[in-house]
Amino acid sequence: MENTEHDTHKLVIIVGSVRDGRFGPVVSSWVAEQATAHGGFEVEVVDLAEVELPLALPASSPKFAGDGYPRPAGMARLTEALEGADAFLIVTPEYNHSYPASLKAAIDWHFTQWTAKPVAFVSYGGAAGGRHAVLHLENVLTELHAVTIRDGLAFPNYFTAWQDGSPLDPAAAGYATTLLDQLFWWAGALKNAKAVAPYPA
Ligand SMILES: Cc1cc2nc3c(=O)[nH]c(=O)nc-3n(C[C@H](O)[C@H](O)[C@H](O)COP(=O)(O)O)c2cc1C
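A brief structural summary. If you're wondering where the values come from, they're calculated on a predicted model, not measured in any experiment.

1. Examining the pairing of strand 4 (residues 118-124)
Of all 7 residues in strand 4, 7 are buried; the element is thus mostly enclosed. Because side chains alternate across strand 4, one face comprises the buried residues Pro-118, Ala-120, Val-122 and Tyr-124, and the other comprises Val-119, Phe-121 and Ser-123, equally buried. Two strands pair when backbone bridges link them, and strand 3 (residues 87-93) and strand 4 are joined in this way by 6 bridges, in the parallel orientation. Following the sheet pairing, Thr-92 is matched in strand 4 by Ser-123. This β-α-β element, strand 3 to helix 4 (residues 101-108) to strand 4, shows right-handed connectivity. Alignment of strand 4 against strand 5 (residues 147-148), held across 2 bridges, turns out to be parallel. Note that in strand 5 the partner of Val-119 across the bridge is Thr-148.

2. Describing helix 7 (residues 172-196)
Counted at 1.5 Å a residue, the expected span for helix 7 with its 25 residues is 36 Å, and the 36 Å between its end C-alpha atoms agrees. Of all the residues in helix 7, the buried ones are Ala-176, Leu-179, Leu-180, Leu-183, Phe-184, Trp-186, Ala-187 and Leu-190. In the core, the buried residues of helix 7 are packed alongside strand 1 (9-15), helix 1 (24-38), strand 3, strand 4, strand 5 and strand 6 (153-155).

3. Quick word on the packing of helix 1 against helix 7
Here helix 1 crosses helix 7 at 60 degrees, and the two axes come no closer than 10 Å. Comparing their axes, helix 7 and helix 1 come out oblique. Helix 7 is crossed by helix 1, and the crossing has right-handed handedness. Here Val-31, Gln-34, Ala-35 and His-38 of helix 1 lie close against helix 7, whose contacting residues are Ala-173, Ala-176, Thr-177 and Leu-180. Across the contact of helix 1 with helix 7, the residue classes tally to 5 nonpolar, 3 polar and no charged.

4. Concerning unusual backbone geometry
Of note, Asn-96 is a non-glycine position whose phi angle comes to about 45 degrees, a positive value. Along the chain, the position of Asn-96 falls in the loop between strand 3 and helix 4. Backbone geometry at His-145 places phi at a positive 65 degrees, although glycine is not the residue there. Note that His-145 resides in the loop between helix 5 (131-143) and strand 5.

5. Here's the deal with the nonpolar core
Judged by nonpolar contacts, the single largest core of 51 residues is most densely connected at Ile-13, Val-31, Leu-89 and Leu-183. Among the elements that line this core, the one with the most residues is helix 7, at 8 residues. Residues in contact with Leu-89, not counting those within four places in the same chain, are Leu-11, Ile-13, Val-31, Ala-35, Ala-120, Val-122 and Leu-183.

6. Notes on the environment of Tyr-69
By the secondary structure assignment, Tyr-69 is in the loop between helix 2 (62-65) and helix 3 (76-84). For Tyr-69, a count of 18 C-beta atoms within 10 Å corresponds to the partly exposed category. For the pair formed by Tyr-69 and Trp-109, sequence separation is 40 residues and the distance between their alpha carbons is 8.9 Å. Setting aside residues no more than four positions away along its own chain, Tyr-69 makes contact with Pro-58, Ser-60 and Pro-62.

Thresholds applied
- Residues numbered from 1 in each chain as written.
- Predicted model: local features only at pLDDT ≥ 70, side-chain atom pairs only at ≥ 80, totals over all residues.
- Buried ≥ 20, exposed ≤ 12 C-beta atoms within 10 Å, placed from the backbone.
- Helix = DSSP H or I, 4+ residues; strand = E, 2+ residues; numbered from the N terminus.
- Pairing = 2+ DSSP bridges.
- Right-handed = clockwise from strand over helix to strand, strands pointing away.
- Expected span 1.5 Å × (residues − 1).
- Contact = placed C-beta atoms within 7 Å.
- Axes fitted to C-alpha atoms, helices over the stretch in contact; angles between N-to-C directions.
- Parallel < 35°, antiparallel > 145°, perpendicular 65-115°, else oblique.
- Left-handed = near helix turned anticlockwise from the far one by under 90°.
- Nonpolar A, V, L, I, M, F, W, Y, C, P; charged D, E, K, R; others polar.
- Core = buried A, V, L, I, M, F, W, Y, C linked by C-beta atoms within 7 Å.

By themselves, these observations are geometric and do not establish any function.
Below is the structure:
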C-alpha cells in the first residue's frame, strides 16, 4: 500500500503485560518496527508497566464524567495517548485463557478514548498463541464502541518461535503488513466518517 505523509494516522501500541521477566517488550519492539516501516503511522508505544493503574475505580463512570474523571497523576500519559490516538494495536499475552488484569484496568479507567477507533491485536502464549485473550478483548472493546480488526498476528509457543528479538517464521512480517493495512484503512475510514457526522454513541 502506498501511503503519503498526509495520510499518516496516530497509532498507539499498548504493551499489555507488566510482570517481572515478561516477554511482552520483545514482541512490542518488533511490532513497533513493523508499524514504523509500514509508513502509514506515527507510532507511540505505551508500556503499561510504566503506568499507575490502581484496581479500585472512582465512584463516577468514565463514560459520563468526561475530563472530570479523577484519574491518578501516573496515568496521565496513558490517557493522553489514548485520547490522541487514531488507532490502537494491543500486544497481549494469555493468562488463564484471557488477557492480563493490567490491560483490563487500562481499558476500564477510560471509555470515550476508545470510541469509534480501530484496534488490532498481536498475541503470544502457549499452544493457543493468545487466541483466548484476543477473543475476550474483542468482546470487551465492542462494549466501548471500538472497531476490532479481523486479521491478527498470534505467536503460539513464543518461547521457541522467537530469536534475537524477531519471530523465526519468515511469513510473520507479511502477516503484520496485512494487519497494519487493515488498521490503516479503518483509521482513515473512521476519521473521515467522524468528520462528516459525530459518532452516535
Ligand atoms: C498467570 C499466568 C497464566 C498463564 N496462562 C496461560 C494460558 O492460559 N495460556 C497460555 O497459552 N499461556 C499462559 N501463560 C503463559 C504465558 O503466555 C507466558 O508466560 C507469557 O510469557 C506471558 O507473557 P509475559 O511474559 O509478557 O507476561 C500464563 C502465564 C501466567 C503468568
